[in-house]
Amino acid sequence: GTETDTDCGGVCGATCAVGAVCSGNTDCLNSTSGVCTAGLCVARSCADGVKNGTETDTDCGGVCGATCAVGAVCSGNTDCLNSTSGVCTAGLCVARSCADGVKNGTETDTDCGGVCGATCAVGAVCSGNTDCLNSTSGVCTAGLCVARSCADGVKNGTETAIDCGGVCGATCAVGAACTTNTDCLNSSSGVCTASLCVARTCADSVKNGTETDVDCGGVCGANCAYTKVCGANGDCASGRCTSGACNSCGDGIKNGTETDVDCGGSCNAVMGVAGALTCAGNKICAADADCRSAICGANLRCKYSYGTCNSISQATGMSPSAVVTGDFNSDGKQDFAVANRGNNNIGVLLGNADGTFAAMVTYATLTAPNDLAAGDLNNDGFTDLVVGYNDAGVSSVSVFLNNGNGTFATKSDITTAGAKTRQIALARMNADTTLDIVVACSDVNRVSVLLGDGAGAFPTRNDYNPGTTPTGCVVGDLNGDGNNDVVIGVNGDSALSVLLGTGTGSLGARVQYATNGTPQRLVMADFNGDGNQDVIAGSDSGSALDILLGVGNGTFGAATTVTTGSSPRNPFVAALLTGGEYDILSPNVNADTVSVLWSKNDGTFYTHVDLATGPGPSFAAAADFSGDGAKDVLVSDVVGSDVGLCIAQ
């Protein structure tokens, strides 16, 4: 028949074994050869260009395995080429994908890992961490993806560096990658700069470490400002942490409701202690409660308060009376002199500007020195002293010229109209530039004007009758004519006598103004701020001073009184506070106190504040002896034989 070899091929079909004669592939047995080459059936192969054997398409599938490319016929996924297709759909190989439900290509598990990247969920097969889904696992352990953690040694999830940042929180150490400050370890870094955690500092504008607020408190120390969060007083610049916030009192800044730096306002009751940080003298205030002295002046400045009046150990003279202050050795520090009535000398104490003094140096006087005045009598730029006496046998004043170093030459005595020179005033009474001496002589009812020659001598004397028993003397321009006028306290007449100056060293006739008490020592200043000179007179009885307000034309209004302690004989005037207000110190000889009368600058005074002194306070003065800019109070105790110093606060 048509057989190409015995019983095969032709009409017998594809039945010829390898080596049999054939005329085409259809003669050869498909399962073993299936290929007719050079008239003979040869063994089939997966590269013979013929679909034979169990191949599903030419040279692929079936016995050829997963070798069919995309588009080739297939009977199952195992026929399709894994690297390019791997999926048999509707009898044809289609392109593989990471969503075809088949583990193919380099996938380590179905549709994940390998070419599909870090997509394998927990439990899926993996060959490395890069196969595992970063957001949920990210770690390949023993060939399986396991759940990620912040301690797995792998940067996964939203971590910004290995096991830190992102979902792991503020755990990245210095040098680790970060995206925000919240990735960085708060105790050691806490600051993300240029995508790296850097070491924290107290100037990085981040609250980190043990800081209680941004860049302050905790490790940064006591630098938290007003209102900043604190945990203890040591966190605050003010040193005061109240209810978890820094109080402003003590931070060196005027803030909050403070009226001055670290005082007044809310500082009045810091930590619940009333009056804890009230303002010292001369500080700005809004109310009395802001001030340590409990007096807020009309110029909105606190009046000073004063500490205990302590005895100055170097001042050991008997029956000290008048005291006067000045810079006697030109060192910029305040000194004082005291008239020691019981020793017939004056003592000079040079100040150290810290409330202490050098040893007292004494200079012999006549009998019973009782008054002192200080001024440059010879125009050499140094402060000289004039001494008056309360003795019926002494009709002179004594001049001590300064040697320029705080020591004084032997006295020269200047004869006066009579004895008991009770108060000395130094002023220019004529047209020259030299200080003259004006002194009341109570035993002869005279006031003497001693005209200086500029060399410390007083060759010319003019005497005037001011009335009966003159005890006080002050000088000033009462009528605005440029000439100094004289006011004398006339004890026997219970009046003030006014003698207007002519500018030539002479005085006009007296005009008297009644006082309420018997006047002793006088002080003159503008007590009501109208530009006119007013006068206050001490009294040897009662508990009040007389004040007569000047009109400005050489006359005075009616006398009114200012309450003090008992027997305020020798008042002293001082601008104890900046602002142009003149205040009064009043030693109260029978009360063993000195009254501080703060001016309201309207001719009236605040209620007197009494400072305890030694027995028989007689004279007072004020100067900055402690070097803090505040005027301290000096008071002599004629009975107690000491001089006390009351430091301003």
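A brief report on the enclosed structure follows. Residues take numbers from 1 onward in each chain, read along the sequence in its written order. Reporting in this predicted model follows two pLDDT cut-offs: at least 70 for local features of residues, and 80 or more for side-chain atom pairs to be given and counted; totals over whole chains, interfaces and linings ignore these cut-offs and use all residues. The basis for every side-chain value is the complete set of non-hydrogen atoms in the structure, without hydrogens or water.

1. Regarding the overall build of the protein chain
Phase 1: Helix and strand counts for the protein chain come out as zero helices and 38 strands.
Phase 2: With C-alpha atoms as the basis for the radius of gyration, the globule rule is written as 2.2 Å multiplied by the number of residues raised to the power 0.38. Scaling as 2.2 N^0.38, a compact globule of 649 residues should have a C-alpha radius of gyration of about 26 Å, whereas the protein chain reaches 55 Å, well beyond that.
Phase 3: Summary of the burial criterion: residues with accessible area below 20% of their type's maximum are buried, those above 50% are exposed, and those between are partly exposed, where the area comes from a 1.4 Å probe applied to protein chains only. For the protein chain, the residues scored as buried account for 49% of the 649 residues in total.
Phase 4: Only heavy atoms matter for contacts: two residues are in contact if any of them lie within 4.5 Å across the pair. A separation of at least 24 residues holds for 30% of the contacts in the protein chain among residues at least 6 apart in sequence.
Phase 5: Side chains of the protein chain give 28 positive and 63 negative charges; the mean places of these two sets differ by 10 Å. Strands are runs of DSSP state E lasting at least 2 residues, helices are runs of H or I lasting at least 4, and numbering of each runs from the N terminus. His residues and chain termini do not enter the charge count, which takes Lys and Arg as positive and Asp and Glu as negative. In this description, the location of a charge corresponds to atom NZ of lysine, CZ of arginine, CG of aspartate or CD of glutamate.

2. Considering the environment of Ile488
Phase 1: Position of Ile488 relative to the elements: it lies in strand 25 (residues 485–490).
Phase 2: The buried category is assigned to Ile488, whose relative accessible area is 0%.
Phase 3: Through-space distance from the C-alpha of Ile488 to that of Cys473 is 4.6 Å; in sequence the pair is 15 residues apart.
Phase 4: Discounting residues that sit within four places of it in the chain, Ile488 has contacts with Val447, Pro466, Pro470, Gly472, Cys473, Ala495, Leu496, Ser497, Leu499 and Leu522.

3. A closer look at the side chain of Ser626
Phase 1: Tracing the backbone through its elements, the reader meets Ser626 in the loop between strand 36 (617–623) and strand 37 (632–637).
Phase 2: The class for Ser626 is buried, based on a relative accessible area of 18%.
Phase 3: For this analysis, a polar contact is any N or O atom pair within 3.5 Å, provided that within protein one partner can donate a hydrogen and the other can accept it, and provided that sequence-adjacent residues contribute only side-chain to side-chain pairs. A distance of 3.1 Å separates a polar atom in the side chain of Ser626 from a polar atom in the side chain of Asp628.
Phase 4: With residues up to four places along the chain from it excluded, the contact list for Ser626 reads Ala353, Asp354, Gly355, Asp632 and Ile647.

4. Notes on the pairing of strand 26 (residues 495–499)
Along any regular strand the residues' side chains alternate between the sheet's two faces.
Phase 1: When you tally the buried positions in strand 26, you get five out of five residues, the bulk of the element.
Phase 2: In strand 26, alternate side chains face the same way, and those of Ala495, Ser497 and Leu499 on one face and Leu496 and Val498 on the other are all buried.
Phase 3: At least two bridges found by DSSP between two strands is the condition for calling them paired. Pairing of strand 25 with strand 26, which is carried by five bridges, proceeds in the antiparallel orientation. Its bridge partner lying in strand 26, Val487 is registered against Val498.
Phase 4: The hairpin turn running from strand 25 into strand 26, its antiparallel successor, is four residues long, and Ser494 in that turn takes a positive phi close to 50°.
Phase 5: Summarising the sheet, strand 26 and strand 27 (residues 511–514) pair through four bridges and their orientation is antiparallel. Looking at the pairing, Ala495 lines up with Ala514 of strand 27.

5. Topic: the sheet that holds strand 38 (residues 642–646)
Phase 1: Reading across the sheet, the four strands line up as 11-38-37-36 and stay open at both edges, with antiparallel pairing between neighbours. Because the sheet does not close on itself, it has two edges, and the strands there are strand 11 (310–311) and strand 36.
Phase 2: Pairing of strand 36 with strand 37 involves six bridges; the strand directions are antiparallel. Of the residues in strand 37, the one forming a bridge with Ala623 is Asp632.

6. Quick notes on the pairing of strand 12 (residues 320–326)
Phase 1: Counting buried positions along strand 12 gives six out of seven residues, so the element sits mostly inside the fold.
Phase 2: Sheet topology places strand 12 next to strand 13 (residues 335–340); five bridges connect them, and they run antiparallel. The residue bridging Pro320 from the neighbouring strand is Asn340, located in strand 13.

7. Thoughts on the state of the cysteines
Phase 1: Here, a disulfide means two cysteine sulfur atoms that sit within 2.5 Å of each other. Tallied over the full model, the rule gives 24 disulfides.
Phase 2: A sulfur-sulfur distance of 1.8 Å marks the disulfide that ties Cys98 to Cys116. One quick way to see it: the torsion about the S-S bond of Cys98 and Cys116 is about -100°, and its sign makes the bridge left-handed. Taken together, the residues Cys98 in the loop between strand 4 (92–94) and strand 5 (139–141) and Cys116 in the loop between strand 4 and strand 5 connect sequence positions 18 residues apart.
Phase 3: Paired through a disulfide, Cys230 and Cys241 show a sulfur-sulfur distance of 2.0 Å. Its torsion about the S-S bond being 90°, the disulfide of Cys230 and Cys241 is classed as right-handed.

8. A word on the environment of Thr421
Phase 1: Topologically, Thr421 is positioned in strand 20 (residues 421–427).
Phase 2: Once residues lying within four places of it in the same chain are set aside, the contact partners of Thr421 are Asp371, Gly388, Tyr389, Ser396, Val397, Thr416, Val439, Ala440 and Cys441.
Phase 3: Looking at Thr421, its side chain comes within polar contact range of the main-chain nitrogen of Tyr389, at 2.7 Å.

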